[in-house]
Amino acid sequence: MKLVIPMKRLPDSELEVMKALWASGPDTTRSQLEKALSPFGLASNTVNTYLTRLQEKGFVSVKRDGKLNRYTPLVSQEDYRAFDSQSILSKLYDGSPTKFVAALAKGGMTKDDVAELRSLLDELSGGNHG
């Protein structure tokens with residue numbers, strides 16, 4: 001029986017490692033990850049620490065392959081985005097998507113952003129305001 005660990009928001013540093021893993025796919029080696037994370041200037045030991053934490057949190061599996069470890073994301077990017085969006089919505093906007101969109105609008109939305117949002121809302125509501 002597999003232990004199910006409730007998902008938690010990741011610190012930005014661990015999220016960057018997950019983003020690199022999602023981009024690389026299953027069975028990614030640490031050297032591949034280090035290359036993908038090179039713009040962040042992380043030391044090899046730091047990447048290893050983040051991978052260990054992600055494994056402990058249930059986000060990553062590790063498979064030994066000779067002298068290499070291969071890392072595979074256990075949580076999809078879509079699932080994490082959905083979870084994180086709900087978490088932010090709940091914490092900052094009283095669970096209200098309307099308050100969230102209003103805050104985005106105050107920050108400045110382009111006409112294209114508004115059109116894209118309208119299209120999504122039409123799709124979700126089954127309507128078509130064309």
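This one's a predicted model, so the numbers in the text were calculated from it and none came from an experiment.

## Brief notes about the overall build of the protein
Right, so step 1: When you go through the protein residue by residue, the secondary structure sums to six helices and three strands.
Right, so step 2: For 130 residues, the compact-globule estimate of 2.2 N^0.38 gives 14 Å, and the C-alpha radius of gyration of the protein, at 19 Å, exceeds that figure by more than 25%.
Right, so step 3: Dimensions of the protein, computed from the C-alpha atoms along their principal axes, are close to 60 × 40 × 25 Å.
Right, so step 4: Within the protein, buried positions represent 22% of all 130 residues.
Right, so step 5: Pairs at least 24 apart in sequence give 55% of the contacts found in the protein among residues at least 6 apart.
Right, so step 6: In the protein, 18 side chains carry a positive charge and 16 a negative one; their mean positions are 6 Å apart.

## Details of the layout of surface pockets
Right, so step 1: Roughly 360 Å³ of volume is contained in the largest pocket.
Right, so step 2: Of all the secondary-structure elements, those providing two or more residues to the lining of the largest pocket are helix 4 (77-93), helix 5 (97-107) and helix 6 (111-125).
Right, so step 3: Considering each element in turn, the lining of the largest pocket owes the most residues, five residues, to helix 4.

## Comments concerning the pairing of strand 2 (residues 60-65)
Right, so step 1: By the bridge criterion, six bridges tie strand 2 to strand 3 (residues 68-73) in an arrangement that is antiparallel. Looking at strand 3, one finds that Lys 63 is bridged to Arg 70.
Right, so step 2: Counting the residues between successive antiparallel strands, the hairpin from strand 2 to strand 3 contains two residues, one of them, Gly 66, with a positive phi of roughly 65 degrees.

## Quick notes on helix 1 (residues 12-24)
Right, so step 1: With 13 residues, helix 1 extends 18 Å from end C-alpha to end C-alpha; this agrees with the ideal 18 Å at 1.5 Å per step.
Right, so step 2: Residues of helix 1 that are buried include every one of Glu 14, Leu 15, Val 17, Met 18, Ala 20, Leu 21 and Trp 22, and no others.
Right, so step 3: Buried positions along helix 1 lie against strand 1 (28-29), helix 2 (30-36), helix 3 (44-56), strand 2, strand 3 and helix 4.
Right, so step 4: Of the residues trailing helix 1, Gly 25 is marked for its positive phi of about 90 degrees.

## Considering the packing of aromatic side chains
Right, so step 1: Applying the stated criterion to the full structure yields four aromatic pairs.
Right, so step 2: Measuring from centroid to centroid gives 6.1 Å for Trp 22 and Tyr 80, while their planes differ by 40 degrees, and the two rings are tilted. Residue Trp 22 is found in helix 1, and its partner Tyr 80 is found in helix 4; the two are separated by 58 residues along the sequence.

## Thoughts on the pairing of strand 3
Right, so step 1: Of the strand pairs in this sheet, strand 1 and strand 3 are connected by two bridges, and their pairing is antiparallel. Looking at the pairing, Thr 29 lines up with Arg 70 of strand 3.

## Describing the pattern of salt bridges
Right, so step 1: Taken as a whole and judged by the stated rule, the model has eight salt bridges.
Right, so step 2: Between Asp 27 and Lys 63 there is a salt bridge, with its nearest N and O atoms 3.1 Å apart. Residue Asp 27 is located in the loop between helix 1 and strand 1, and its partner Lys 63 is located in strand 2; the two are separated by 36 residues in the primary sequence.
Right, so step 3: Its relative accessible area of 32% is what places Asp 27 among the partly exposed residues.

Parameters and conventions
Residues numbered from 1 in each chain as written. Predicted model: local features only at pLDDT ≥ 70, side-chain atom pairs only at ≥ 80, totals over all residues. Heavy atoms only, no water. Helix = DSSP H or I, 4+ residues; strand = E, 2+ residues; numbered from the N terminus. Rg over C-alpha atoms; globule rule 2.2 N^0.38 Å. Buried < 20%, exposed > 50% of the residue type's maximum accessible area, 1.4 Å probe, protein only. Contact = heavy atoms within 4.5 Å. Lys, Arg positive; Asp, Glu negative; His and termini not counted. Charge placed at Lys NZ, Arg CZ, Asp CG, Glu CD. 1 Å grid on protein atoms, 1.4 Å probe; cavity = no way out; pocket = protein on both sides within 12 Å on 5 of 7 lines; lining within 4 Å. Points joined across faces, edges and corners; volume = space filled by probe spheres on them. Pairing = 2+ DSSP bridges. Expected span 1.5 Å × (residues − 1). Phe/Tyr/Trp six-rings, centres within 6.5 Å; stacked < 30°, edge-to-face > 60°. Salt bridge = Lys/Arg side-chain N within 4 Å of Asp/Glu carboxyl O.

Such coordinate-based values are descriptive only and should not be taken to indicate function.
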